[in-house]
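Reading the structure
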Amino acid sequence: MVAEARVAARSFDLRPVAKEAVLASLLTLALTIGLVGFRTFDSGGQLTFATRFGDVAMACAAVLLGRFGLALTRAGQPLPTLVGGLVAAAVLTFLLVTADAENPEAGWLPFESAIVNWILVAIALGIAIHAGLALRRSRATVITQAERDALMDRVGAQVQQVALILGPALLVLAVAMPMMPFADRRLIDIGTLVLTYIMLGWGLNIVVGLAGLLDLGYVAFFAVGAYSYALLAQYYDASFWLCLPFAGLMAAMFGVLLGFPVLRLRGDYLAIVTLGFGEIIRVVLLNWWWFTGGPNGIGSIPRPSFFGLPFERARDEADVTFHSVFGLDYSPGHRVVFLYYLILALALITNFFTLRIRKLPVGRAWEALREDETAARALGINPTNTKLTAFAIGAMFGGFGGSFFAARQGFISPESFTFIESAVILAIVVLGGMGSQVGVVLAALLLIGVPEFFRELEAFRMLAFGAGMVAIMIWRPRGLLAHREPTLRLKSRGATGGPP
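Residues numbered from 1 in each chain as written. Predicted model: local features only at pLDDT ≥ 70, side-chain atom pairs only at ≥ 80, totals over all residues. Heavy atoms only, no water.

**Some details on the overall build of the protein chain**
Helix and strand counts for the protein chain stand at 19 helices and two strands. Scored against the burial criterion, the 500 residues of the protein chain give a buried share of 40%. Relative to all contacts within the protein chain whose residues are 6 or more apart in sequence, the contacts with residues 24 or more apart total 74%. In the structure as shown, the protein chain presents an accessible area of about 27,900 Å², 67% of it carried by carbon and sulfur atoms. (Helix = DSSP H or I, 4+ residues; strand = E, 2+ residues; numbered from the N terminus. Buried < 20%, exposed > 50% of the residue type's maximum accessible area, 1.4 Å probe, protein only. Contact = heavy atoms within 4.5 Å. Areas by Shrake-Rupley, 256 points an atom, 1.4 Å probe, with all protein chains shown as cover.)

Structure representation (structure tokens):
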């Protein structure tokens, strides 16, 4: 064994490892030189820019060292990576702890933002842990991709079982969150935003996760719901509660309208057509200016009331408002908390509806269509009706979410419904695990909640977002929780009293 280790040490070639690290660093340079190296800002009405080549150099150096360590670990030399990762994490932690908060430029740190520096510490620790596990693992033990997928599938099943137990506790925590001592308006707003994307993710999960139809134009239904409420409120002075079901109905009709042309399409072709549908809706909203307001959008959208009680300050004793009826002091936070509970209720309704309908014949037909359309057709399933119901129901929940979005923002415009919104919602479904309700929640927390807390990343925020998506796709290509629990389980003959 010792002789084999010596032979492996002598046969180790450093050149491929160094080449891989240098190429990764050059790729980082090409990606960051334009996105990070130059920063534009408004200076007295003129557009100027400043250079940040130091940050670009630091990013390239960090990628060079990190990729070098990962390549060493993969080449069978994890010990230098382990030591180097621990040392780098310890040095960066010491510099961050001892740095002067009032004068951060006095000390030497890789980046100006403390958040980015702490992320570097976490990456260094992650590389060190990876090298430590590789060092501990026997060289004779080789884990195949199939064994790895089976292991992660078991982990996903265990997480879903734990979620069933912790679900009521997490629901109680979500209900009590606005009343916690640490809950401020910013935290409640972030919670409302995350719940909005959770609801949209669950709605799209019907189309993508259950029916297996790749939809890149889901933001179109989101826009239809938002403009349905905004236009009805503008022209007919309709209330939010009256417009909410109508917005869902209008979005469902557009879902059927989209479903008819794509009945014969699959895969990439289906994705291209749905992408085009989303852009058509946005362009129509942009150019139909005399009806939708065009690029100026629609403002002064009425906010939802609490059973007819507005969240406004009472001007006199005769005014009937929320705080006057309940004997409370006026606070703008009442409306914020109410909107949080409103989207929480809408999200729970979406989840309950999805869990119930997937056990019905139409839900099982969706899953059969997702697995094999030819086999589903041979079993007598009508693919036309199945696809149309998936598009219609998924679009309906998108319309509900759009109606809430318009009521919460008070202003909407076509710029709010771009392709990037569809991409984010689809990323939540795919990264969470297609068909997994719990996975959508975890992905929404990671992709929406965490970046909102790290606004200090500024220019690095979208880079971190993309890097996280790439990392998850490499580590878990089927999603965080790709385990699919069977909708129905067949009992054995002995259990039903039949012949053994």
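**Structural notes on unusual backbone geometry**
Trans peptide bonds make up most of the peptide bonds, and negative phi angles are found at most residues other than glycine. We note that Asp-237 has phi near 55°; this positive angle belongs to a residue other than glycine. Among the secondary structure elements, Asp-237 is positioned in the loop between helix 8 (219-236) and helix 9 (240-259). Although it is not a glycine, Ser-300 adopts a positive phi angle of roughly 55°. For Ser-300, a relative accessible area of 75% puts it in the exposed group.

**Remarks on the nonpolar core**
Side chains that are nonpolar tend, in soluble globular proteins, to be buried together. In this structure, Leu-204, Tyr-229, Trp-366, Ile-412, Phe-417 and Ile-428 are the most contacted members of the largest nonpolar core, which totals 81 residues. When residues of this core are assigned to their parent elements, the largest contribution, 15 residues, is made by helix 7 (residues 185-210). If near-sequence neighbours (up to four positions away) are discounted, Leu-204 is found in contact with Gly-209, Asp-215, Tyr-218, Ile-425, Leu-426 and Val-429. Judged by nonpolar contacts, the second largest core, of 10 residues, contains Ala-89, Leu-92, Val-116 and Val-121. (Core = buried A, V, L, I, M, F, W, Y, C linked by side-chain atoms within 4.5 Å.)

**Remarks on a nonpolar patch on the surface**
Side chains of Val-22, Leu-23, Leu-26, Leu-29, Ile-33, Phe-38, Phe-49, Phe-53 and Leu-64 sit close together on the surface and give an oily, nonpolar patch of about 790 Å² of accessible area. For the nonpolar patch, the elements supplying multiple residues, two or more each, are helix 2 (14-35) and helix 3 (53-74). Per-element tally for the nonpolar patch: the top contributor is helix 2, with five residues. For Leu-64, the location among the structural elements is in helix 3. On the basis of relative accessibility, which here comes to 32%, the residue Leu-64 falls in the partly exposed class. (Patch = residues over 30% accessible without salt bridge, like charges linked within 9 Å, V, L, I, M, F, W, Y side chains within 5 Å. Salt bridge = Lys/Arg side-chain N within 4 Å of Asp/Glu carboxyl O.)

**Details of the side chain of Asn-351**
Within the element layout of this structure, Asn-351 appears in helix 13 (residues 333-357). For Asn-351, a relative accessible area of 17% gives the class buried. With sequence-adjacent residues up to four places away left out, Asn-351 is seen in contact with Trp-202 and Gln-437.

**A few points about the side chain of Asp-215**
Considering the arrangement of structural elements, one finds Asp-215 in the loop between helix 7 and helix 8. Nearest to the buried, unbridged Asp-215 among oppositely charged side chains is Lys-387, at 13 Å. Among the polar contacts listed, one links the side chain of Asp-215 to the backbone nitrogen of Gly-217, at a separation of 2.9 Å. The residues contacting Asp-215, other than those within four sequence positions of it, are Leu-204, Val-207, Val-208, Phe-221, Thr-274, Phe-391 and Leu-426. (Lys, Arg positive; Asp, Glu negative; His and termini not counted. Polar contact = N/O pair within 3.5 Å; in protein donor to acceptor, adjacent residues only side chain to side chain.)

**Observations regarding the confidence of the model for the protein chain**
Atomic detail in the predicted coordinates should be set aside for any region of low pLDDT. Considering every residue of the protein chain, the mean pLDDT works out to 79; 79% of them sit at 70 or more. By mean pLDDT, the top-scoring element of the protein chain is helix 8 (92), and the lowest-scoring one is helix 1 (residues 2-11) (46). Of the regions scoring below 50 in pLDDT, residues 138-142 engages in four contacts with residues more than four places distant in sequence or in other chains. Predicted confidence for residues 495-500 stays below pLDDT 50, and this span has three contacts to residues more than four positions away or in other chains. (pLDDT = per-residue confidence, 0-100.)

**A closer look at the packing of aromatic side chains**
In total, this model carries 16 aromatic pairs according to the counting rule given. Judged by centre distance (5.8 Å) and plane angle (55°), the ring pair of Trp-290 and Phe-291 falls under tilted. The partly exposed category is assigned to Phe-291, whose relative accessible area is 26%. With centroids separated by 5.5 Å and ring planes inclined at 70°, the aromatic side chains of Tyr-340 and Tyr-341 adopt a geometry described as edge-to-face. Chaining the aromatic ring pairs together yields one cluster made of Phe-222, Tyr-227, Phe-405 and Phe-417. (Phe/Tyr/Trp six-rings, centres within 6.5 Å; stacked < 30°, edge-to-face > 60°.)

**Notes on the pattern of salt bridges**
Inspection of every chain in the model, using the stated rule, returns nine salt bridges. One salt bridge connects Glu-367 with Arg-358, and the closest N-O pair in it is separated by 3.1 Å. The same class applies to Glu-367 as to Arg-358, namely buried. Among the salt bridges present, the one from Arg-370 reaches Glu-371, with a minimum N-O distance of 3.0 Å.

**Here's the deal with helix 14 (residues 361-371)**
Within helix 14, the full set of buried residues consists of Gly-363, Ala-365, Trp-366, Glu-367, Leu-369 and Arg-370. Buried residues along helix 14 sit against helix 7, helix 13, helix 15 (373-378) and helix 16 (383-409).

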